[in-house]
Amino acid sequence: MNNTASGISVDFAGIIMKNPVLLASGTCGFGEELSPYFDIQKLGGIVSKGLTLRPRTGNSGSRLHETPCGLMNSIGLENPGVRHFVEHELPRLKALDIAVIANLGGHGMDDYTEGASILSDACVDMIELNISCPNVKEGGMNFGIKTEIARAVVREVRKVCRHKLAVKLSPNAEDIAALSRACEEEGADGLSLTNTYPAMAIDIYNKKPVFGNIYAGLSGPAIKPISLRMVHQAARAVKIPVMGIGGISNWQDAIEFIMAGATCVQIGTASFMKPDAAVNIIEGIENFTRGQGIRNLSEIRGIIK
Ligand SMILES: Cc1cc2nc3c(=O)[nH]c(=O)nc-3n(C[C@H](O)[C@H](O)[C@H](O)COP(=O)(O)O)c2cc1C
């Protein structure tokens, strides 16, 4: 990778990516699932499936449910654990010329800090801390709702994390600007937003919720305008860079997020509809910038005040 950002390349907290497009956590495995459809090296980066300290088998029952403009999921963080990732998946990813970001989840403070210290000894470019996980000690309340709880997690993880640290915010945050500022004050290098939105579906013939946990996370085009608003609020609240996530399905959506203040964008559900969506978005951003005479994405980043 070059060490300066120009054209559509971007500098996210010191990590130079050849373009601002990454695959979002949980929607591309460890990259190999989408590699039959396009050259993964064309991406700016990839965010790993959500990792936890120990392997998890995930939720039983329905895990995915399509809605008219989106997708609901209740995967339950199925993953092989951080150690397996470091030993078996990371070497293949690091051989690629893309940024590799490890997404880390947890159900208690120790899960986060131990997971982050293991990842700190590995050659990932950044850790993305998923704070939209239920906190077992607080009766299952998501770590990403209350500003002071989010602050405490970021503070503890920052102490052990020797990599760049991005915090992935929940759309349920009580005050998105205040919580973003708290992450910045505790030493986060960047923010990613948003994760999925709590939602519900009912199987009317069986008179039961579709999902075993009753509620599931909504993603896809339905959430895009709401996520765009939160990216705008977060980007205006902090100086650290922001990754925009949420229903980005085409290059026009990506440009909207950049104009709202995002440095990078992550593509999730769109890859389920069109596996090569991310490369089409990269090409669209390139054509748009060329056609508009934009020499660097910084010229349009955050132009919506
Ligand atoms: C099937 C599925 C699994 C996901 N798993 C994770 C995960 O493990 N960790 C995480 O931080 N986000 C996870 N997400 C959330 C996405 O990374 C992304 O934030 C969200 O889907 C919104 O983006 P989208 O509308 O482009 O999909 C998952 C989303 C889906 C659809």
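The structure under discussion appears in the preceding block.
Here goes a summary of the coordinates provided. (Residues numbered from 1 in each chain as written. Predicted model: local features only at pLDDT ≥ 70, side-chain atom pairs only at ≥ 80, totals over all residues. Heavy atoms only, no water.)

It is worth spelling out helix α3 (residues 147-160) at this point. For α3, built from 14 residues, the straight-helix expectation of 20 Å at 1.5 Å per residue is met to within 8% by its first-to-last C-alpha distance of 21 Å. Among the residues making up α3, those that are buried are T147, A150, R151, V153, V154 and V157. Down the axis of α3, the buried side of the element spans an arc of 165 degrees, and every buried residue falls inside it. For α3, exposure combined with an orientation more than 90 degrees from the buried face picks out E148 and K159. In the core, the buried residues of α3 are packed alongside α2 (109-120), β8 (126-130), β11 (164-168) and α4 (176-185). (Helix = DSSP H or I, 4+ residues; strand = E, 2+ residues; numbered from the N terminus. Expected span 1.5 Å × (residues − 1). Buried < 20%, exposed > 50% of the residue type's maximum accessible area, 1.4 Å probe, protein only. Arc of directions from axis to C-beta. Contact = heavy atoms within 4.5 Å.)

A separate point is the site of the ligand. Near the ligand there are 24 residues, and of these S25, K168, G220, G247 and T269 occur at the shortest range. The contact in question runs from an oxygen atom of the ligand to an N or O atom on the backbone of T194, over 3.1 Å. One of the side-chain N or O atoms of N195 is found 3.5 Å from an oxygen atom in the ligand. In isolation the ligand offers 610 Å² of accessible surface; the protein chains occlude 96% of this area. Its residues assigned to classes, the shell around the ligand comprises six nonpolar, 16 polar and two charged. (Near = heavy atom within 4 Å. Polar contact = N/O pair within 3.5 Å; in protein donor to acceptor, adjacent residues only side chain to side chain. Areas by Shrake-Rupley, 256 points an atom, 1.4 Å probe, with all protein chains shown as cover. Nonpolar A, V, L, I, M, F, W, Y, C, P; charged D, E, K, R; others polar.)

Here we come to the side chain of K49. Inspection of the secondary structure puts K49 in the loop between β4 (45-47) and β5 (64-67). Within the buried set, K49 has no salt-bridge partner at all; the shortest N-O distance to an opposite charge, 7.2 Å, is to E78. Contact partners of K49, with chain neighbours within four places excluded, come to S25, G26, G29, F30, I75, L77, E78, N79 and N103. (Lys, Arg positive; Asp, Glu negative; His and termini not counted. Salt bridge = Lys/Arg side-chain N within 4 Å of Asp/Glu carboxyl O.)

A regular strand places its side chains on the two faces of the sheet in alternate fashion. Most of β11 is tucked away: four of the five residues are buried. Alignment of β8 against β11, held across five bridges, turns out to be parallel. Considered in β11, the bridge of N130 is made with K168. Bridge count between β11 and strand β12 (residues 190-193): three bridges; the pairing is parallel. Paired with A166 across the two strands is G190, which belongs to β12. Between β11 and its parallel partner β12, the chain crosses via α4, and the hand of that crossover is right-handed. (Pairing = 2+ DSSP bridges. Right-handed = clockwise from strand over helix to strand, strands pointing away.)

On to the layout of surface pockets. Empty space among the atoms becomes visible once a probe the size of a water molecule is rolled across them. Space inside the second largest pocket adds up to approximately 160 Å³. Taken together, H107, G108, M109, D110, D111, N135, V136, K137, E138, F143 and I149 form the lining of the second largest pocket. Per-element tally for the lining of the second largest pocket: the top contributor is α2, with three residues. When the residues that make up the lining of the second largest pocket are grouped by side-chain class, the tally is four nonpolar, three polar and four charged. (1 Å grid on protein atoms, 1.4 Å probe; cavity = no way out; pocket = protein on both sides within 12 Å on 5 of 7 lines; lining within 4 Å. Points joined across faces, edges and corners; volume = space filled by probe spheres on them.)

Turning our attention to the sheet that holds strand β16 (residues 215-219). With antiparallel pairing, the four strands of this open sheet are ordered in space as β5-β6-β16-β13. Strands at the two margins of the open sheet, each flanked by one partner only, are β5 and β13 (197-200). Strand-to-strand, the axes of this sheet are offset by a mean angle of 40 degrees, without reference to chain direction. Relative to β16, β13 runs antiparallel, the two sharing four bridges. In the sheet register, Y197 faces β16, and the bridge partner there is L218. (Axes fitted to C-alpha atoms, helices over the stretch in contact; angles between N-to-C directions.)

Attention now moves to the nonpolar core. One broad rule of soluble globular proteins: the nonpolar side chains tend to lie buried together. Counting residues in each nonpolar core, the largest one holds 99 residues, and the members touching the most others are M17, F85, I131, L169, L191 and L193. By residue number, the principal contributor to this core is helix α8 (residues 277-292), which donates seven residues. Once you skip the residues sitting within four places of it in the chain, F85 turns out to touch F30, S48, L51, L90, P91, L93, A102, L119 and V124. (Core = buried A, V, L, I, M, F, W, Y, C linked by side-chain atoms within 4.5 Å.)

Turning next to the packing of helix α5 (residues 224-237) against helix α6 (residues 251-260). As a packed pair, α5 and α6 sit with axes 8 Å apart at the nearest point and diverge in direction by 25 degrees. Taken together, α5 and α6 sit at an angle that is classed as roughly parallel. Contact with α5, carried on its side by K224, S227, L228, V231, H232 and A235, involves D253, E256, F257 and A260 of α6 and no other residues of that element. Among the residues making up the contact of α5 with α6, the classes are represented as five nonpolar, two polar and three charged. (Parallel < 35°, antiparallel > 145°, perpendicular 65-115°, else oblique.)

Another point: the pattern of salt bridges. Here the structure, examined in full by the defined rule, presents 16 salt bridges. Where E78 meets R63, a salt bridge forms, and the shortest distance between an N and an O atom there is 2.4 Å. Remark: R63 occurs in the loop between β4 and β5 and E78 occurs in the loop between β6 (70-73) and α1 (82-94); sequence separation between them is 15 residues. We classify E78 as partly exposed; its relative accessible area is 36%. Note that R162 is salt-bridged to D121, the shortest N-O span being 2.3 Å. In this pair, R162 is assigned in the loop between α3 and β11 and D121 in the loop between α2 and β8, connecting sequence segments 41 residues apart. A relative accessible area of 58% places R162 in the exposed class. A relative accessible area of 63% places D121 in the exposed class.

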